[in-house]
Amino acid sequence: QKEVEQDPGPLSVPEGAIVSLNCTYSNSAFQYFMWYRQYSRKGPELLMYTYSSGNKEDGRFTAQVDKSSKYISLFIRDSQPSDSATYLCATEGGPGGGADGLTFGKGTHLIIQP
Amino acid sequence: SAVISQKPSRDICQRGTSLTIQCQVDSQVTMMFWYRQQPGQSLTLIATANQGSEATYESGFVIDKFPISRPNLTFSTLTVSNMSPEDSSIYLCSVNSGYLQAFFGQGTRLTVV
């Protein structure tokens, strides 16, 4: 069985702060890691994905993977109230270990205070 | 990008009845995925649906409870059968963009009373 652990929060920070969101995963075989953002009453939207270890940057967002510790992170710089949402991490492959679908963490509810 | 239309957006149903959720994509896709999102829980894969073949179900989900149809490359349905309050959840369909799943529908918020 695959597992992805994520602190559900809520995480509340002031506007402009740097936000750090984190997940751990159990299956060392997988290479792709995704971050989704989900606004209330909406479907998840893909923010970023990374392959293997290392960093990937996109504007104010940086995704980081440390495969040695099975740890994935999403950093948000200069956080804005519009960043308030639930952030979901995911790894490739279904929860039963199959190659299809994704396995998600529970999501972290982020609140950016104006 | 793919645009996914999911219907209904929400429903309140009596226990023991069934609800069919529709997912329409604006482009042809090989695989479609159905997920359940229960309060406080992870988004959980129910099954993978390929056109022309039986859906593949994850552990804990069975065809009798969640029958899926995939009649063509742009459409799929998920039926929640013989509902109980424990089936109250958000149900989402998703499609691949290349190797990665990138697009989700808006979800169907189901309440069973």
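Read on for an overview of the structure. All figures in this text were calculated on a predicted structure; none of them were measured in a lab.

## Quick word on the pairing of strand β3 (residues 19-25) of chain B
Residue and element names in this part refer to chain B.
Phase 1 of the analysis: Of the two faces of β3, the one holding Leu19, Ile21, Cys23 and Val25 is buried and the one holding Thr20, Gln22 and Gln24 is not buried anywhere.
Phase 2 of the analysis: By the bridge criterion, four bridges tie strand β1 (residues 4-7) to β3 in an arrangement that is antiparallel. Looking at the pairing, serine 5 lines up with glutamine 24 of β3.
Phase 3 of the analysis: Note that β3 and strand β8 (residues 75-80) share six bridges and pair antiparallel. Within β8, the position partnered with glutamine 24 by the bridge is phenylalanine 75.

## Let's talk about the sheet that holds strand β8 (residues 71-76) of chain A
Residue and element names in this part refer to chain A.
Phase 1 of the analysis: One open sheet holds the five strands; their spatial order is β1-β3-β8-β7-β6, and the pairing between them is antiparallel. Whereas interior strands pair on both sides, the edge strands pair on one side only; in this sheet they are β1 (4-6) and β6 (54-58). For this sheet, the mean inter-axis angle between neighbouring strands, taken without regard to orientation, is 20°.
Phase 2 of the analysis: Here β1 pairs with strand β3 (residues 19-25) via three bridges, running antiparallel. Residue glutamine 6 lies in a different strand from β3, and its bridge partner there is cysteine 23.

## Section: the interface of chain A and chain B
Buried accessible area, meaning the area lost when the parts come together, often serves as the stated size of an interface.
Phase 1 of the analysis: Each partner contributes to the interface: chain A provides 20 residues, whereas chain B provides 21 residues.
Phase 2 of the analysis: Here chain A meets chain B over a buried area of about 1800 Å², counting both sides, of which 53% is carbon and sulfur.
Phase 3 of the analysis: Together, Arg41, Phe104 and Lys106 of chain A form the three largest contributors to the area buried by chain A at its contact with chain B, with a combined 27%.
Phase 4 of the analysis: The tally of links from chain A across to chain B stands at zero salt bridges.
Phase 5 of the analysis: At the junction of chain A and chain B, the tally comes to four residue pairs in polar contact (both at pLDDT 80 or more).
Phase 6 of the analysis: When residues of the side of chain A that touches chain B are traced back to their parent elements, those giving at least two are β4 (32-38), β5 (45-51) and β10 (102-104) of chain A.
Phase 7 of the analysis: A total of four residues in the side of chain A that touches chain B trace back to one element, the largest contributor, which is β4 of chain A.

## Section: the nonpolar core
Residue and element names in this part refer to chain B.
Phase 1 of the analysis: Judged by nonpolar contacts, the single largest core of 26 residues is most densely connected at Trp34, Ile46, Phe66, Ile68, Leu78, Tyr91 and Leu110.
Phase 2 of the analysis: Contributing elements (two or more residues each) for this core: β3, β4 (31-37), β5 (43-50), β8, β9 (89-97) and β11 (108-112).
Phase 3 of the analysis: No other element matches β3, which puts four residues into this core.
Phase 4 of the analysis: Phenylalanine 66 has contacts with Arg36, Ile46, Tyr57, Phe61, Leu78, Thr79, Val80, Asp87 and Tyr91, leaving out every residue within four places of it along the chain.

Definitions and cut-offs
- Residues numbered from 1 in each chain as written.
- Chains lettered and ligands numbered in written order.
- Predicted model: local features only at pLDDT ≥ 70, side-chain atom pairs only at ≥ 80, totals over all residues.
- Heavy atoms only, no water.
- Buried < 20%, exposed > 50% of the residue type's maximum accessible area, 1.4 Å probe, protein only.
- Helix = DSSP H or I, 4+ residues; strand = E, 2+ residues; numbered from the N terminus.
- Pairing = 2+ DSSP bridges.
- Axes fitted to C-alpha atoms, helices over the stretch in contact; angles between N-to-C directions.
- Contact = heavy atoms within 4.5 Å.
- Buried area = accessible area lost by both parts, 1.4 Å probe.
- Salt bridge = Lys/Arg side-chain N within 4 Å of Asp/Glu carboxyl O.
- Polar contact = N/O pair within 3.5 Å; in protein donor to acceptor, adjacent residues only side chain to side chain.
- Core = buried A, V, L, I, M, F, W, Y, C linked by side-chain atoms within 4.5 Å.

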